[in-house]
Amino acid sequence: MATFLHRVGRWAFRRRRIVVLAWVAVVAAVFLGASSASEAPDDSSSMPGIESQQAFDLINKRFPGAEADGAEARIVFVAKHGQHVTAAANRSAIGQLVSAVADGPQVAHATSPFSANAVSKNKSTAYATVTYKVASDDLTDASKTELTKAVERARHAGLTVEAGGSALETDAGQSLGEVFGLLVAAVVLLITFGSLAAAGLPLLTAVLGVCVSLAGITTVSSAFGFSSTVGELAMMLGLAVGIDYSLFVVSRYREERAQGHQPQQAAALAAGTAGSAVVFAGLTVVIALLGLSVIGVPMLTKMGIGSAGAVVVAVLVALTAVPALLGFWPDAVLARSDRKGERRARIKLFRRIGRTRTADESPSDPPGVRWARFVVRRPVPVLLLSVIGLGALAVPSLDLRMGMPGDEAKSTATTERRAYDALAEGFGPGFNGPLTVVVDAKKADDPKAAVTAVSAKLAATKGVVSVSPARFNEAKDTAVISAVPSTAPTSRQTQDLVHIIRSEGGAVESATGADFKVTGTTALNIDVGQKMQDALIPYLAVVVGLAFLLLMLVFRSLLVPLKAALGFLLSVGAALGAIVTVFQQGHGAGVFGVDETGPIMSTMPIFLVGIVFGLAMDYQVFLVSRIREAHSHGEPPGQAVVTGFRHSAQVVGAAALIMMAVFGGFMTGGESMVKMVGFGLASAVFFDAFVVRMAFVPAVLALLGKRAWWLPTWLDRLLPRVDVEGETLTKRTPAPRDPSHHDDRQTSVTVV
């Protein structure tokens, strides 16, 4: 692997114009394809294999022309204090609004609160329901504008009017996350490298990769059903890994130049060594993302495929475009001080002490090196503190409640949240999460009697406060009933109620011959949460198992991959605990701009596991490969850890800060779910990079010593050899000439 990538890097450096023109052609081709591509499809909410989805499908089949997931608006009216909504003036204003909305475009029907018994007992609150013929994503601006104007007219009549539901949602506003992430990345890179060119090159190549990925996804979106969400995730991951992968190649190039290698040879060595680590780190990310397909949720599968493609593009850019651009400006990426008069002294200093100083020398070494020496001397306390600390942070995850936050999690500045609160106050907390019961009476002897029996059973169930009249289809063999729970949609009591109702299905079918299924937003969220929970263990087994094999192949060890897996579980557990602490329990919620606490998004645990596992393995490969490289060159285990940190700790730290900035920038958005994703990924990267990789990993390696690199002889013979550390390159590459004979292009960098 290292030898092949060495040739690729050398070829890209020498044929830099061809490489750059090739990438320009790729960009032009994908943008041309994107410009002529069909519009991206809507986000698919299909969840195969759950009862809620089966019920939705049955409604769509038996009630043609009225989609089960059609948009719905619920307009809430609240009378002034001391007045009733049934007063003549208020009744007239409400009637005018309902009539105006009913004649609007795409409206299936609008139901007045006075004809649907939708008035609270104290007559202070009422609501009108507007059902549309199409899903919310297919609503036109004209339909939304008509509804908004009608609401404004009713407000002028003296009523408090708020609108909720899927038809009229408040946009979260544009997030500045990408811009914030790029700005922080630029600052971190400038501090790390001390050169504008070195800081700008990873940013430039990362943007190149993201542009190619997004345009490519847009081009094939219609054929593969990729929605806008696929592109958003691909952009976030592509930007993060693109910067990191280029950062490691540029850093290794500077290091090779510091040892006296000519620019072309330095670029080739960087591609052969750091490039090998990039390839295997990228493979682990791709494995984690493609592993999302085992869950059986089409939306997650598509997100994983699109994001994996973005990671592959980032790897290709780092291996080809970076060496090519280095060929145009071989000295520009070096620090300014390294291009001045003291460069020769620095080269000689590096050659004299860079490879020979011991663990007790050079007190002026960088903080990462001094920290590594501290861990090597005291591995047991460091290991215990890291494990106990991360374990304590993970404890709140035991109280994890999964669901899909709705209007209750939005800011009180939104009309959806105010409508939610008004309905809960006027009709009870369960009114915002009604259960939709679909009765299939096709096989019943008396369909009407069977539906009546189901309605009576629902009304007698503890926890149900009201049951709507049944609505039959044209064939009179299927009915839809709405049951309102007494508890809030996201409460455990409502979850238990759904399970109780479903458990009565067998008895009802035996007695009446009719079958029923429970659906609706509340039941759907419960089912999705259960599906995600059931899929978590198989997903972990697939991803961790494949990554274990890959890391065993890279490091020729059994214990190093095992350590990597255990460290990942610690970091992702701590990240989940932090998410629960802030977004579910509310501790520190105000600091992160969280308006309301609630359940954790159902897809968040698996989403976090998949992405963070791949990113965590990035740091594992980059850091441990340098330790392995030092050990393979003859250094004792403890000193190999210090040497590995000398060459990679600062760069790994910079890479982690960049990823945290990119992910944390998404917390500037208004949506609670987007904030949750950004916070979870940023905190997971922090725990993994600065606790697991910087404390847990060196402590374990120091304790294991040479045993860390043990591999059974029979297994060693079976596994193919992949030279990630570049040991063959070191043997084949001639030593650089004496620095005093070099031209001005032979410069150095400060040892990291």
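Residues numbered from 1 in each chain as written. Predicted model: local features only at pLDDT ≥ 70, side-chain atom pairs only at ≥ 80, totals over all residues. Heavy atoms only, no water.

**Q** Tell me what's going on with a positive patch on the surface, and back it up with residues and numbers.
**A** Taken together, the side chains of R7, R10, R14 and R15 define a basic patch exposed on the protein surface. Tracing the sequence through the fold places R14 in helix α1 (residues 2–14). (Patch = residues over 30% accessible without salt bridge, like charges linked within 9 Å, V, L, I, M, F, W, Y side chains within 5 Å. Areas by Shrake-Rupley, 256 points an atom, 1.4 Å probe, with all protein chains shown as cover. Salt bridge = Lys/Arg side-chain N within 4 Å of Asp/Glu carboxyl O. Lys, Arg positive; Asp, Glu negative; His and termini not counted. Charge placed at Lys NZ, Arg CZ, Asp CG, Glu CD. Helix = DSSP H or I, 4+ residues; strand = E, 2+ residues; numbered from the N terminus.)

**Q** Please provide a residue-by-residue account of helix α3 (residues 51–62), values included.
**A** Three- or four-residue spacings in an α-helix give side chains the same orientation, since the helix completes a turn every 3.6 residues. With 12 residues, α3 extends 16 Å between its outermost C-alpha atoms, agreeing within 8% with the 16 Å of an ideal straight helix rising 1.5 Å per residue. Residues S52, Q53, A55, F56, L58, I59 and R62 constitute the buried set of α3. If you follow the buried residues of α3, they end up packed against β6 (435–440), β9 (478–485), α16 (492–503), β10 (515–519) and α18 (521–555). (Expected span 1.5 Å × (residues − 1). Buried < 20%, exposed > 50% of the residue type's maximum accessible area, 1.4 Å probe, protein only. Contact = heavy atoms within 4.5 Å.)

**Q** Help me get a handle on the side chain of R626, residues and values and all.
**A** Examined against the element boundaries, R626 turns out to sit in helix α20 (residues 604–632). Using a relative accessible area of 10% as the deciding quantity, one classes R626 as buried. In this structure the side chain of R626 is engaged in a polar contact, spanning 2.9 Å, whose partner is the side chain of E255. Filtering out sequence-adjacent residues up to four positions away, R626 remains in contact with R252, E255, G644, H647 and S648. (Polar contact = N/O pair within 3.5 Å; in protein donor to acceptor, adjacent residues only side chain to side chain.)

**Q** Provide a residue-level description of the packing of α1 against helix α9 (residues 263–290), including the pertinent values.
**A** Between α1 and α9, the least distance of the axes is 7 Å, while the angle of their chain directions is 135 degrees. On the basis of the axis angle, α1 is oblique to α9. With respect to the hand of their crossing, α1 and α9 are arranged in right-handed fashion. Listed contacts from α9 to A2, L5, H6, G9, R10, F13 and R14 of α1 are P263, Q264, Q265, A267, A268, L269, A271, G272, G275, S276 and V279. The residue inventory of the contact of α1 with α9, partitioned by class, reads 9 nonpolar, 7 polar and 2 charged. (Axes fitted to C-alpha atoms, helices over the stretch in contact; angles between N-to-C directions. Parallel < 35°, antiparallel > 145°, perpendicular 65-115°, else oblique. Left-handed = near helix turned anticlockwise from the far one by under 90°. Nonpolar A, V, L, I, M, F, W, Y, C, P; charged D, E, K, R; others polar.)

**Q** Which residues make up the packing of aromatic side chains, and what values do they have?
**A** Tallied over the entire structure, the rule returns 10 aromatic pairs. When the ring of W371 is compared with that of F374, the centres are 5.4 Å apart and the planes differ by 25 degrees; the resulting orientation is stacked. Linking W371 with F374, this pair stays in helix α12 (residues 367–377), spanning 3 residues, or about one helical turn. Lying across the ring of F13, R16 places its NZ or CZ 5.4 Å from the centre. The ring of F328 is capped by R16, whose NZ or CZ atom sits 5.9 Å from the centre of that ring. (Phe/Tyr/Trp six-rings, centres within 6.5 Å; stacked < 30°, edge-to-face > 60°. Lys NZ or Arg CZ within 6 Å of the ring centre and 35° of its normal.)

**Q** Describe the pattern of salt bridges, and please don't skip the residues or the numbers.
**A** Under the criterion given, the structure shown has 14 salt bridges. For the salt bridge of R417 with D421, the shortest nitrogen-to-oxygen distance reads 3.1 Å. Placement of both R417 and D421 in helix α14 (residues 415–427) is noted, with a separation of 4 residues, approximately one turn of the helix. Take D421: its relative accessible area is 31%, and that puts it in the partly exposed class. Note that K517 and D515 form a salt bridge whose closest N and O atoms lie 3.8 Å from each other. Ionic contacts of the salt-bridge type, sharing partners, join the residues E152, R155, E162 and R418 into one network.

**Q** Describe a nonpolar patch on the surface, listing the residues and the values that go with them.
**A** On the surface, V294, V542, L546 and L549 cluster together into a nonpolar patch covering about 310 Å² of accessible area. With respect to the secondary-structure elements, L549 resides in helix α18. Overall, L549 belongs to the partly exposed group, its relative accessible area being 48%.

**Q** Lay out the nonpolar core with the relevant residues and their values.
**A** Counting residues in each nonpolar core, the largest one holds 158 residues, and the members touching the most others are Y245, F568, L608, F663 and L681. With near-sequence residues (within four places) excluded, F663 lies in contact with M236, L237, A240, L615, G678, L681, A682 and V685. Counting 24 residues, the second largest nonpolar core, distinct from the first, contains V107, A128, L139 and L159. (Core = buried A, V, L, I, M, F, W, Y, C linked by side-chain atoms within 4.5 Å.)

**Q** Would you mind going over unusual backbone geometry in detail, with residue names and values included?
**A** Positioned with a positive phi, K476 is a non-glycine residue whose angle comes to about 60 degrees. Along the chain, K476 turns up in the loop between β8 (471–472) and β9. Even without a glycine there, the phi angle at R556 is positive, about 50 degrees. Among the structural elements, R556 can be located in the loop between α18 and α19 (559–584).

**Q** Please provide a residue-by-residue account of the environment of S166, values included.
**A** For S166, the location among the structural elements is in the loop between β4 (160–165) and α6 (177–193). A C-alpha to C-alpha distance of 8.8 Å links S166 and R74, two positions 92 residues apart in sequence.

**Q** So, the environment of T86: which residues are in play, and what are the values?
**A** Within the fold, T86 resides in the loop between β1 (70–78) and α4 (88–102). Owing to a relative accessible area of 27%, T86 belongs among the partly exposed residues under this scheme. Distance in space between the C-alpha atoms of T86 and S124 is 8.4 Å, their sequence separation being 38 residues. Once residues lying within four places of it in the same chain are set aside, the contact partners of T86 are R91, F114, V119 and K123.

**Q** Which residues make up the side chain of N90, and what are the values?
**A** Relative to the helices and strands, N90 is located in helix α4. You can call N90 buried: its relative accessible area is 6%. What N90 contacts, discounting residues up to four positions off in sequence, is A79, Q83, H84, V85 and L159.

**Q** Tell me about helix α2 (residues 16–35), and name the residues and values.
**A** The first and last C-alpha atoms of α2 sit 28 Å apart over 20 residues, in line with the 28 Å expected at 1.5 Å per residue. For α2, the set of buried residues is V19, W23, V30, G33 and A34. The buried residues of α2 occupy an angular sector of 100 degrees when projected down its axis, which confines them to one face. Away from its buried face, by an angle of more than 90 degrees, α2 presents the exposed residues R17, L21, L32 and S35. Structurally, α2 contributes buried residues whose contacts are with α1, α7 (196–224) and α10 (298–328). (Arc of directions from axis to C-beta.)

Honestly, it's all geometry; don't read function into it.
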